[in-house]
Amino acid sequence: MFDPVIRLYDAFTSWLFQNAVQPALYAAGMMEWADDAFSWMDFFIFGLLQVSVVYAVCRPLEAWRPVERWDDRRVVWTDVAYTLLARLGLLPLMAFVILAGVQAQVAGWIADAGWVAPNLETLIPALETRPLLAFALYILILDFGEYWRHRLQHSIPWWWALHSIHHAQEKMTFWTDDRNHVIDDMIAALWFGGLALLIGVPPGQFPLIVVILRVAESLSHANVRLSFGRVGERLLVSPRFHRLHHGVLSAGEEGRNFAVLFPFWDMLFRTGDFRRDVFPRTGDPEASADLVRGGWWRQQVEGTRRLWRALRGARAA
Amino acid sequence: MRRLALALPLLAAGFLPGAGRADVVFVINSLDPGIQVVDAATRAELRQIPALREPHHLALSPAKDLLLVGDAAGNEILFLDPSTGEVRKRERIANPYNLEFSPNGKLLVVTGLRRDQVDIYEWDAASMGLNLLSRVKPGDMPSHIAYRPDSSTVYVTLQGSRSIAAIDLGTRQVAWTLQVGREPAGIIWHNGRLLVGIMGSDHVAVVDPEARKVERTIRIGRGTHALFPSPGGGPIYVTSRVDSRIAALDPVTLDVMRVYEVPGGPDCISFDGQGRLWTTLRWTRQLALLDPETGEVATSPVGRSPHGIFFRNRDLVQARNEVPAAPATR
């Protein structure tokens, strides 16, 4: 069923690589990276694809049943800028490329010692011939990691100082998913990329996993009055489920509904709120005007100040 | 009946016990990690052998009874039976990117591109055993391998160091290094000279290993990559991945005899009994069959980023059936 799509994609990437990427590498004297560039080209294409898919899915939903309507959408444009900076996969790519070198060393040491390298297929040999099941397990484990990263963002003061940029948005849309401090983004990329390498996610599958999680996260931030129903709400994170997390009474350490893809983690750790008729206002009442209404740069500066104050406060204490 | 229908092509291709009378091609798909076995006559896929992460190159054992495939990112070598495709053993080896047996059949040298290492293993054919003798760190990104015919020295290209390293296999030390050009890739020994594909440029560097100098260059095309001497002392074929061509060199004069345009980034080559070239096209998910007489190129689909390739003819199976099989260990 997907063969024509795969063929089309291959034809495009092949053309792009042979006519643009490889000649550029050759001209730059970087041909030793040609193989890696061919693999990682997927990231950039997937990044563009992500923005297109997310827009195509979420924008009509927001127009159809918005939770809130605004005359002034300037702060939303700030979130659009965040998205375009982050969605091309640059940060996860950097983390993965940096960590790939480290991982090659560590996995090599493990192999030298005669141990089994830490990846799912060697732990569960049956997965070697069941790539779809392995893929699903990788997503499950990475989503578990994201749940705990998100909880820590809310419970560690200096991390919350960074993450509060994300929660300061009072006009939350699907673009808000990428509204993060760059340091927070880097930590997230290292966390996610590090876990992916630890469990041995195949490099070829990594971009697809990023796409799946990113599309789910964007949808969950959408300004749409949408619930997945009694059962669906417990299977996948919905816009309603995540809106409760962004509600004004949920900011900071009192957070709930931390899950990114599977609400199961909130059920397991008793942090879930499944009231299906609640669509609260979003934002952080303690956030400064810079965090709420500032542009990208002002928010970054203010976030850095807050981080510094949090770290100094922790040291003084 | 359905089982029989499925079994017939496999029997014909020699991929079930008791059979083995067809020519097949082993294609290493580096980004759809695995080995694809293709019927040479129909170019239909016969079998997929999964690998863990990112296999690239392969080597046929001295007795021609095993095909060793290095899974660089999976940190293991797969030992395949070339007549059946059966995985007879998997061994944990750090970052096996490229691998070659020495001409005397006693050693296996493995380059670890990402770990900047060259491993020298002693080969025990009876037990399919690899005993690590030494690990050498010759420089940045060791890639392809060539031996001196007397097995005294192994030469490796260092893609990140613009050089080649000569490693003395007696002392297992780097004897010398030589700058040969930007991003050297393939390397072969030919008539007392080393021929090196300069991937960051457009030529083959001809190195005199005694004088330790580049004595001439031969222009091939941008991204000159790897070299493959045809059986029986015929032309040497050189791939170029940027200009996407294969050049045929005269084995005596090293002059370019003919250039074949092969779109898709030709990489590794294996020859069949008719002297035709089976080559992987790295950037197009394709396997190409080039007839050097007519210049005709036929392609067929394989997995993503196909790299190493091995044409196994029926004679190899017959020869292999005449020697006692080594005990299988898993």
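This one's a predicted model, so the numbers in the text were calculated from it and none came from an experiment. (Residues numbered from 1 in each chain as written. Chains lettered and ligands numbered in written order. Predicted model: local features only at pLDDT ≥ 70, side-chain atom pairs only at ≥ 80, totals over all residues. Heavy atoms only, no water.)

(A) A look at the overall build of chain A. Helix and strand counts for chain A stand at 14 helices and 0 strands. For chain A, the sequential pattern of α-helices and β-strands runs α-α-α-α-α-α-α-α-α-α-α-α-α-α. When the 317 residues of chain A are sorted by exposure, 53% land in the buried category. Only carbon and sulfur atoms are counted for the fraction: they give 67% of the accessible area of chain A, which is about 15100 Å². (Helix = DSSP H or I, 4+ residues; strand = E, 2+ residues; numbered from the N terminus. Buried < 20%, exposed > 50% of the residue type's maximum accessible area, 1.4 Å probe, protein only. Areas by Shrake-Rupley, 256 points an atom, 1.4 Å probe, with all protein chains shown as cover.)

(B) Here's a closer look at the nonpolar core. Counting 24 residues, the largest nonpolar core has Val25, Tyr237 and Trp278 of chain B as the members making the most contacts within it. For this core, the element with the most residues is strand E26 (residues 286-290) of chain B, which contributes 4 residues. Sequence-distant contacts of Val25 of chain B, defined by excluding residues within four places in its chain, comprise Gln36, Val37, Val38, Ala40, Trp278, Ile309, Phe310 and Phe311 of chain B. Judged by nonpolar contacts, the second largest core, of 21 residues, contains Phe135, Leu142, Ile209 and Ala216 of chain A. (Core = buried A, V, L, I, M, F, W, Y, C linked by side-chain atoms within 4.5 Å. Contact = heavy atoms within 4.5 Å.)

(C) Region of the structure containing the sheet that holds strand E12 (residues 142-147) of chain B. Residues and elements named next belong to chain B. The sheet built from 4 strands is open, its strands ordered E12-E13-E14-E15 with antiparallel pairing. Only two strands of the sheet have a single partner each, and these edge strands are E12 and strand E15 (173-179). Taking the axes of each pair of neighbouring strands and ignoring which way they run, one obtains an average angle of 25° across the sheet. Here 6 bridges tie strand E14 (residues 163-168) to E15, and the two strands are oriented antiparallel to one another. Looking at E15, one finds that Asp168 is bridged to Gln173. (Pairing = 2+ DSSP bridges. Axes fitted to C-alpha atoms, helices over the stretch in contact; angles between N-to-C directions.)

(D) The arrangement of the pattern of salt bridges in detail. All names here are of chain A. Counted under the stated rule, the structure contains 32 salt bridges over all chains. For Arg59, the salt bridge identified is with Glu62, shortest N-O distance 3.6 Å. Residue Arg59 and its partner Glu62 are located together in helix H2 (residues 34-64), separated by 3 residues, close to a single helical turn. For Glu62, a relative accessible area of 5% corresponds to the buried category. (Salt bridge = Lys/Arg side-chain N within 4 Å of Asp/Glu carboxyl O.)

(E) Fine view of the interface of chain B and chain A. At the junction of the two partners, chain B supplies 35 residues and chain A supplies 39 residues. Counting the surface lost from both chain B and chain A, the interface buries some 3100 Å², and carbon and sulfur atoms represent 50% of this. When the area that chain B buries against chain A is broken down by residue, the three leading residues are Arg53, Arg92 and Trp283 of chain B, summing to 24%. Between chain B and chain A we count 4 salt bridges in total. Between Asp35 of chain A and Arg282 of chain B there is a salt bridge whose closest N-O contact spans 3.1 Å. At the boundary of chain B with chain A, the tally comes to 10 residue pairs in polar contact (both at pLDDT 80 or more). Across the side of chain B that touches chain A, the residue classes tally to 10 nonpolar, 11 polar and 14 charged. (Buried area = accessible area lost by both parts, 1.4 Å probe. Polar contact = N/O pair within 3.5 Å; in protein donor to acceptor, adjacent residues only side chain to side chain. Nonpolar A, V, L, I, M, F, W, Y, C, P; charged D, E, K, R; others polar.)

(F) Region of interest: the side chain of Asp243 of chain B. Secondary-structure assignment places Asp243 of chain B in the loop between strand E21 (236-240) and strand E22 (245-249). Engagement of the side chain of Asp243 of chain B in a polar contact is seen with the backbone nitrogen of Arg222 of chain B, the distance being 2.7 Å.

(G) Representation of the packing of aromatic side chains. Throughout the structure, instances matching the rule amount to 25 aromatic pairs over all chains. Residues Phe241 of chain A and Phe274 of chain A carry aromatic rings whose centres are separated by 5.3 Å and whose planes lie at 45° to one another, so their mutual orientation is tilted. Of this pair, Phe241 of chain A sits in helix H11 (residues 239-246) while Phe274 of chain A sits in the loop between helix H12 (264-268) and helix H13 (289-293), placing them 33 residues apart in sequence. Judged by relative accessible area, which is 0%, Phe241 of chain A ranks as buried. Ring geometry for Tyr155 of chain B versus Trp176 of chain B: centroids 6.0 Å apart, planes at 50°, classification tilted. Note that Tyr155 of chain B is positioned in strand E13 (residues 153-158) and Trp176 of chain B in strand E15, a separation of 21 residues in sequence. Relative accessible area serves as the criterion here: at 11%, Trp176 of chain B is assigned to the buried category. Cation over ring: Arg65 of chain A sits above Trp64 of chain A, and NZ or CZ is 5.4 Å from the ring centre. The ring of Phe79 of chain B carries the charged tip of Lys89 of chain B above its face, separated from the ring centre by 5.1 Å. (Phe/Tyr/Trp six-rings, centres within 6.5 Å; stacked < 30°, edge-to-face > 60°. Lys NZ or Arg CZ within 6 Å of the ring centre and 35° of its normal.)

(H) Local environment of H11 of chain A. Of all 8 residues in H11 of chain A, 8 are buried; the element is thus mostly enclosed. Those residues of H11 of chain A that are buried are in contact with helix H6 (131-155), helix H7 (157-167), helix H9 (206-221), helix H10 (229-235) and H12 of chain A.

(I) View of the UniProt feature "transmembrane region" (unreviewed entry) in chain A. All names here are of chain A. What UniProt calls "transmembrane region" (unreviewed entry) maps, in this numbering, to residues 37-58, 79-102 and 122-142. Helix makes up 100% of residues 37-58 and strand 0%, whereas the separation of the span's terminal C-alpha atoms amounts to 31 Å. Note that residues 122-142 is 67% helix and 0% strand, and that its end C-alpha atoms are spaced 18 Å apart. (UniProt positions renumbered as here; feature names shortened; annotations may be inferred.)

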